[in-house]
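Residues per chain are reported as follows:
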Amino acid sequence: MTTTHRTDGGIDDPNDGDSGDSADAAAPAAEEVSREEAEELIEEIERRRSLQGIAAVAVAAIGILFSIFQLYLAARSFTFTIWLPTVEIGGLSLAPIQVSLQLLQANAIHVAFALVLTFLLFPGSMGDGIVSRNVGRIVPAIANRLGDRNPLTRLFARGRSAVRWAFIDPNRDRVTPFDLVCIAAAILSAIYFLTEFAEIQNMRVFGIDSGRPVTEVYMFLQPILGGVPFVSEFSYAMALGVIGVLLVLEATRRTLGLPLMIIVATFIVYARWGYLISGNTPFLGLLAIPELTWPDIVQNLWYNTENGVFGIPVTVSVSFIYIFILFGSFLEMSGAGQWFIDLAYAATGSRKGGPAKASILASGFMGTISGSSIANTVTTGAFTIPLMKRSGYSPEFAGAVESSASSGGQILPPVMGAAAFLMVQYTATPFADIIIIATIPAIVFFFGVWVMVHLKAVQEGIGGVSDADTVSMWSHLTRGWFYLVPIGLLLYYLIIERLSVSRSAWFTLVALVALIALVSAYSDETRARLLGVFAAIVGVELASHAIAGVPITGLVTGSGGTGLPVGEAAGAILSRIEWYAMLAGVLTLLSKPDLDASLLDLNPSVQETAASIGDRTGRDLEESQPFKLGTFVVTSMEQGARTAVPVVIAVAAAGIIPGVISVSGLGPNLTSLLLALSGGSIVVMLLVTAVSSIILGMGMPTTVTYIILISMLATPLVEFGIPLLAAHLFILYFGVIADITPPVAVAAYAASGVAKSDPFETGVKAFSLSLNKAIVPFAFVLAPGIVLLREKANAGELPIRERYRVVGFEDLAELSYSIPEILVPVIGVFLGVIALGATVIGTLYTRVDRAGRIGFAGSSLLLMAPGLLSEAVFDTLGLVGISVSVDALLLDLALRGVGFALFALLTVRNRRKADGESGGPDTETDADAGATTVAAGSESV
């Protein structure tokens, strides 16, 4: 897909700097970003190491072990058996190991894996920081004063070399001694949780100081440290707790940056010395807390599953987040990512502004897989941004489209991002309900970006790619329809079967691997063999269940019993059908290892890994389909672990903040402070929350922003009468916006690296394209029907957090409710984003003048969030002592009606202006016909 065409007649808006660049339109194919360049860009942005040799093998092995551990937890919960053959060797008995973990132990192992991988993958220093630069000036300063040959100069030079060797990795290609020390400490901490859990339980009753001192645990240290007061005063558990918290802070600095580490460390310092704040100080006195000792703080932050490092966020990561990241990794390694991108081009590539529209669809599809703004932007943008540039979009606009759409992956069901799983836990809401409430706002967002890129195409006269460079939709679906099956299964398990999130993800993951095994083994030559093997496996298993009531493995080992009726035996077979399908695929592949899987195009990473192993072993393994299938599985597990590391560190660090709030009793006081500062105005409270989310989220993962802000701001929002789920979704949306908000705008800067554009300008345009994402949250917190929430009939008798519920079919059938409170507001937000597109782009049917932009902006606000305007007016009147009582629903409908009238008037005016400029109505029919014609004159949105 390299040939594009451009139509003439586009009108350049003098108020907009995105005029098409003919040089970009004729850009050579060399501007395309290769997969290797995209991976290097991601590594550079995330400051990851590119390791080789033993270090790379260690990362792969630990990552695979991490994924296996999580798969065990998903399949068996916290009690499982590690299979070993029962044998005796030299008097030593080897037998299967029964493992039963407590939640704290599972969480500790989870975080320990992430810490070890962090210290392997992320350098502690590259020598370019403030501290490194200032320390590096010491030796030159001494040399200038004393001379190069002075013994003191040489001593300091050797010391500098030793420090560099121990701590600094300038090229991001080696593991330093300091990293190895941190790794050893992380492993030591995990071992303590596994082997001394009884002591930890006792500490919960008697305190952390009741544990054994260090010299009792390591007797050889008694002669050396026995007389040191600090060592004898504090327990070994205390020392490990302090070291563990410091390791989390260091890992946070490496993966997420210094600002977040400082924020988390500040909360820890506040927990220790916050009692010094005087309670008599106006406003600030509300932050005064009781005095806490270091042992109290460490015990609550390190040996607790309710708060702190191993609190709710890490519990959610263990139970939900990791398995979904792993699911996304398997889906990506199967080749689904590229298939979805091609699907987007097949659907929209030939339409007006087709490359940009394909970018939106592809980013939405990829968001379902990755949930990471940066990875989504670079991975998808490597294909979409060069095509957008060549079609006529400026580099800045192309990068803005990609980063804006990619950031929406975290709010797009069914997978969404890690924050959605945290919302499940914090609100005690089924994930299926989270999907339901998040669907309409997500569709509105992607529709809004779609409108803007279409209007920009109308303005610039930008066409799409030629038909010769796009595949037909039907042939593409025929070739890769099976990539849609896992997503359909996931929705089925979550919404229809109502299974837990972890079980749904586990079943879907197993089904995905089984599906890939079947597709790998399928060809015209082997389809009969594949069907025969599958039928044989099912037949043998059915017979075994019918005869002995157990699988064939149980029958062979003599553990059978009474047979089952045929119906029950068939039910037992059906519950494990994906395992039989997987086995059938593997056996078929083993019988025909050189098979060419014509339908399957695995991710290039899988192909390269297989080829690399083949080169090292001197065997032609890359053509072996069974080996490629095995490589697919292990590569997916390794990549899943790599992706999960920053998320796990983020939730571990962020968990410290609610932990401090809980242990210090700050929560109620913080709520009182925020309510007092807002002056009782819901508009002020919402604006404070929005601005705080954006500022705090700059350069930080959405997950961290969400955890911190729901700990501080969710309760005050609910106190204003906002539904709990709407308040949490509000915070999530603005946390996502931070990814494309200058001056940080990490996703936009990632896109600018691909687009070779100005980073700040790309961020500004990305924020402009995402303005609807900033308005929609105000819309649904003030009109909960947009997110399908309804107040319960007995709401007045319920706690404030439980007064709303997700609507059902009976609510939709109640037209007196569904029309004014759901249908009208939803239509309003969709029309509002069209008006917003005309405001931002400055074009509808033709150019919109300044007065028209102001009018469209007003109509957009009235259509999308009229409550924001009315509440602001009421709050202002309240300041001067005027109280107004109106029917809120009638006022809402009236204001939306005014907004619609203004929108219709401006639209008709703009259409007549376009007809006058063209000499009459344009009768051209665009390939986008059937979408909303209001937004683009003769061209539909």
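Residues numbered from 1 in each chain as written. Predicted model: local features only at pLDDT ≥ 70, side-chain atom pairs only at ≥ 80, totals over all residues. Heavy atoms only, no water.

A. Geometry of the nonpolar core. With 263 residues, the main nonpolar core has Leu115, Tyr303, Phe431, Tyr706, Leu729, Leu732 and Phe780 as its most contacted residues. Once residues within four sequence positions are removed from consideration, leucine 115 is found in contact with Ala186, Leu247, Val248, Ala251 and Ile649. Core analysis: the second largest hydrophobic core is formed by six residues, Tyr345, Ala358, Ala362 and Leu387 among them. (Core = buried A, V, L, I, M, F, W, Y, C linked by side-chain atoms within 4.5 Å. Buried < 20%, exposed > 50% of the residue type's maximum accessible area, 1.4 Å probe, protein only. Contact = heavy atoms within 4.5 Å.)

B. Expanded view of the layout of surface pockets. The calculated volume of the second largest pocket comes to roughly 1,000 Å³. Taken together, 30 residues make up the lining of the second largest pocket; nearest its centre are Ala75, Arg76, Trp506, Arg576 and Trp579. Listing elements by their share of the lining of the second largest pocket, those giving two or more residues are helix H3 (53-76), strand E2 (79-82), helix H25 (501-521), helix H26 (527-548), helix H27 (552-556), helix H29 (577-591) and helix H31 (625-654). Counting residues per element, the lining of the second largest pocket draws most heavily on H25, which supplies six residues. Residues belonging to the lining of the second largest pocket are distributed by class as follows: 22 nonpolar, three polar and five charged. (1 Å grid on protein atoms, 1.4 Å probe; cavity = no way out; pocket = protein on both sides within 12 Å on 5 of 7 lines; lining within 4 Å. Points joined across faces, edges and corners; volume = space filled by probe spheres on them. Helix = DSSP H or I, 4+ residues; strand = E, 2+ residues; numbered from the N terminus. Nonpolar A, V, L, I, M, F, W, Y, C, P; charged D, E, K, R; others polar.)

C. Examining the pattern of salt bridges more closely. Tallied over the full model, the rule gives 20 salt bridges. Residue glutamate 814 pairs with arginine 790 through a salt bridge whose shortest N-O separation is 3.1 Å. Note that glutamate 814 is positioned in the loop between helix H41 (809-813) and helix H42 (815-841) and arginine 790 in strand E7 (residues 789-791), a separation of 24 residues in sequence. Overall, the relative accessible area of 33% leaves glutamate 814 in the partly exposed class. With a relative accessible area of 17%, arginine 790 lands in the buried category. Between arginine 896 and aspartate 892 there is a salt bridge, with the nearest N and O atoms lying 2.7 Å from each other. Of the two residues, arginine 896 and aspartate 892 both sit in helix H45 (residues 888-918), four residues apart, roughly one turn of that helix. Residue classification places arginine 896 among the buried residues on the basis of a relative accessible area of 4%. Using a relative accessible area of 14% as the deciding quantity, one classes aspartate 892 as buried. (Salt bridge = Lys/Arg side-chain N within 4 Å of Asp/Glu carboxyl O.)

D. Focus on empty space enclosed by the protein. For the structure shown, the criterion picks out one cavity of 30 Å³ or more. For the largest cavity, the calculated volume is near 50 Å³. Forming the boundary of the largest cavity are Ala108, Val111, Ala112, Leu115, Ala186, Ser189, Ala190, Phe193, Leu247, Trp302 and Phe310. For the lining of the largest cavity, the secondary-structure elements that each account for two or more residues are helix H4 (103-121) and helix H8 (177-195). Split into classes, the residues belonging to the lining of the largest cavity amount to 10 nonpolar, one polar and no charged.

E. Structural context of helix H14 (residues 258-273). In this model H14 runs 22 Å from its N-terminal to its C-terminal C-alpha over 16 residues, within 8% of the 22 Å that 1.5 Å per residue would give. Of all the positions in H14, only Leu260, Met261, Val264, Phe267, Ile268, Tyr270, Ala271 and Arg272 are classed as buried. The inward-facing, buried residues of H14 abut helix H13 (236-256), helix H15 (294-302), H31, helix H32 (656-664), helix H33 (666-678) and helix H35 (702-712). (Expected span 1.5 Å × (residues − 1).)

F. Focus on the packing of aromatic side chains. With the rule as written, the count across this model stands at 31 aromatic pairs. Seen from their ring centres, tryptophan 339 and phenylalanine 340 are 5.4 Å apart, and the 70° between their planes marks the pair as edge-to-face. On the accessibility criterion, tryptophan 339 (6% relative accessible area) is buried. Three or more aromatic residues joined by ring pairs form one cluster here, namely Tyr192, Phe193, Tyr236, Trp302, Tyr303 and Phe310. (Phe/Tyr/Trp six-rings, centres within 6.5 Å; stacked < 30°, edge-to-face > 60°.)

G. Spotlight on helix H9 (residues 197-206). Phe197, Glu199, Ile200 and Met203 are the residues of H9 that are buried. What you see down the axis of H9 is that its buried residues fit within an arc of 155°, all on one side. Within H9, the exposed residues directed more than 90 degrees away from the buried face are Ala198, Val205 and Phe206. Turning to H9, the residues buried within the fold contact H4, H8, H13 and H15. (Arc of directions from axis to C-beta.)

H. Just the side chain of aspartate 179, in detail. Mapping aspartate 179 onto the fold places it in helix H8. A distance of 2.8 Å separates a polar atom in the side chain of aspartate 179 from a polar atom in the side chain of threonine 176. Once residues within four sequence positions are removed from consideration, aspartate 179 is found in contact with Arg49, Phe119, Gly124 and Arg254. (Polar contact = N/O pair within 3.5 Å; in protein donor to acceptor, adjacent residues only side chain to side chain.)

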